[in-house]
Amino acid sequence: MDRYSNDVLSGDWRAVGRRVVPEVPAERDLVVELPDDGLEGSGFVGAVVLVDAGNVHLEDRRGRVRAFPLGGGFLVEGEPVILVPPAARTAPVARQRTASGSFAVADAPARVARASRIWVEGRHDAELVEQVWGDDLRVEGIVVEYLEGVDHLSDRLREFAPGAGRRVGVLVDHWVAGSKEERLAREALASLGRAAASSVRVVGHPFIDVWQAVKPERVGIAAWPEVSRGVDWKTGTCRALGWPHDSAADRAAAWRRIRGSVRGFADLEPALLGRVEELIDFVTAD
């Protein structure tokens, strides 16, 4: 063996024989001791209760708490250590919710549309459903279409030919006993065969117009006004509230104002919420 083959000064020769003192995070409840070297605070033994501003706070068995600078000069289980701040803990990220209150599905692409559909009476109904339930509907692949009035329901059902895998959920305004809307919906269902009718569900809310399904306080009013029979409901409502009402543009502006007050399901009346959720469940059941 060549006794001169190695350079004795190569490498970290200063570290030869030196003991490496480990770094230990000052986690809560870690028991730490200071060596008894005759100085103030020496020999103190306590558990970590707090780390702040570069100090570690230790509580001994008598409940006394003392603070010491982080760093070297500590013992853990009799061995020298260097106390360092504990790793920062990241708070768990709360699951995001959609406007309808359901848990959002992260990065989910829109599903290819199913054959099943949800039908609503008018454009405003469709816009409100999209605003609150749109994320859920895209995940489920459900398209919302409007009928321009329940008067067309019977014809539309015959054209659509509901059946297995082709369900239709219909949301009707002013769904109260004895109303024209209730009568037309029941007649439309009766015109179908039993098998086709089982693939259709018609539900409704009691409001004359979907505007009323928005909680009035969200719009800044105490209640939706009463409108005399024979008066166009939207026009009469705008007039009673002191909003411009003479033209279609005025009523469109009123709807934008109302819809702009809706941020999520909590801004809508339960009588609408339950019916929409029922229809979504129905058309996605197969």
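Caption draft 1: Looking closely at the sheet that holds strand β10 (residues 168-172). Sheet architecture is open: four strands sit in the order β9-β8-β10-β11, paired in parallel fashion. Edge positions in the sheet fall to β9 (143-146) and β11 (200-204), since each of these pairs with one other strand and no more. Pairwise comparison of adjacent strand axes, ignoring direction, gives a mean angle of 20° for this sheet. For strand β8 (residues 117-120) and β10, the ladder comprises four bridges, and the chain directions are parallel. What sits directly across from Trp 119, in β10, is Val 170. Sitting on the sheet, helix α8 (residues 270-284) is in contact with β8, β10 and β11, with an inclination near 165° to β10.

Caption draft 2: The arrangement of unusual backbone geometry in detail. Despite not being glycine, Ala 161 shows a phi value in the positive range, around 55°. For His 174, which is not glycine, the phi dihedral falls at a positive 50°. Counting through the fold element by element, His 174 comes out in the loop between β10 and α3 (180-190). The exposure class of His 174 is partly exposed, given its relative accessible area of 27%.

Caption draft 3: Structural context of the packing of aromatic side chains. Applying the stated criterion across every chain, the model contains five aromatic pairs. Aromatic side chains Trp 211 and Trp 255 sit 6.3 Å apart centroid to centroid with 10° between the ring planes, which places their arrangement in the stacked category. A residue pair is termed long-range when its members are at least 10 positions apart, and Trp 211 in the loop between β11 and α5 (216-219) and Trp 255 in helix α7 (residues 248-260) qualify at 44 residues. Pair check on accessibility: Trp 211 and Trp 255 agree, each one buried. Between the aromatic rings of Trp 224 and Trp 233, the centroid separation amounts to 6.2 Å while the plane-to-plane angle is 45°, which identifies the pairing as tilted. Here Trp 224 matches Trp 233 in class, with each residue buried.

Caption draft 4: Geometry of the side chain of His 205. Within the secondary structure, His 205 is located in the loop between β11 and α5. Using a relative accessible area of 0% as the deciding quantity, one classes His 205 as buried.

Caption draft 5: Molecular detail of α8. Over its 15 residues, α8 extends 21 Å from the first C-alpha to the last, a length consistent with the 21 Å expected when each residue adds 1.5 Å. The set of residues buried in α8 consists of Leu 272, Leu 273, Val 276, Leu 279, Ile 280, Phe 282, Val 283 and Thr 284. Buried residues along α8 sit in contact with β8, α1 (123-140), β10 and β11.

Caption draft 6: Summary view of the pattern of salt bridges. Taken as a whole, this structure holds 17 salt bridges when the rule is applied. Across the pair Arg 64 and Asp 60 runs a salt bridge, and its minimum N-O distance is 2.7 Å. Given the relative accessible area of 9%, Asp 60 is considered buried. Two residues, Lys 234 and Asp 209, come together in a salt bridge whose shortest N-O distance is 2.4 Å. Placement of Lys 234 in helix α6 (residues 233-241) and of Asp 209 in the loop between β11 and α5 is noted, with a sequence separation of 25 residues between them. For Asp 209, a relative accessible area of 9% gives the class buried.

How each quantity is defined
Residues numbered from 1 in each chain as written. Predicted model: local features only at pLDDT ≥ 70, side-chain atom pairs only at ≥ 80, totals over all residues. Heavy atoms only, no water. Pairing = 2+ DSSP bridges. Helix = DSSP H or I, 4+ residues; strand = E, 2+ residues; numbered from the N terminus. Axes fitted to C-alpha atoms, helices over the stretch in contact; angles between N-to-C directions. Contact = heavy atoms within 4.5 Å. Buried < 20%, exposed > 50% of the residue type's maximum accessible area, 1.4 Å probe, protein only. Phe/Tyr/Trp six-rings, centres within 6.5 Å; stacked < 30°, edge-to-face > 60°. Expected span 1.5 Å × (residues − 1). Salt bridge = Lys/Arg side-chain N within 4 Å of Asp/Glu carboxyl O.

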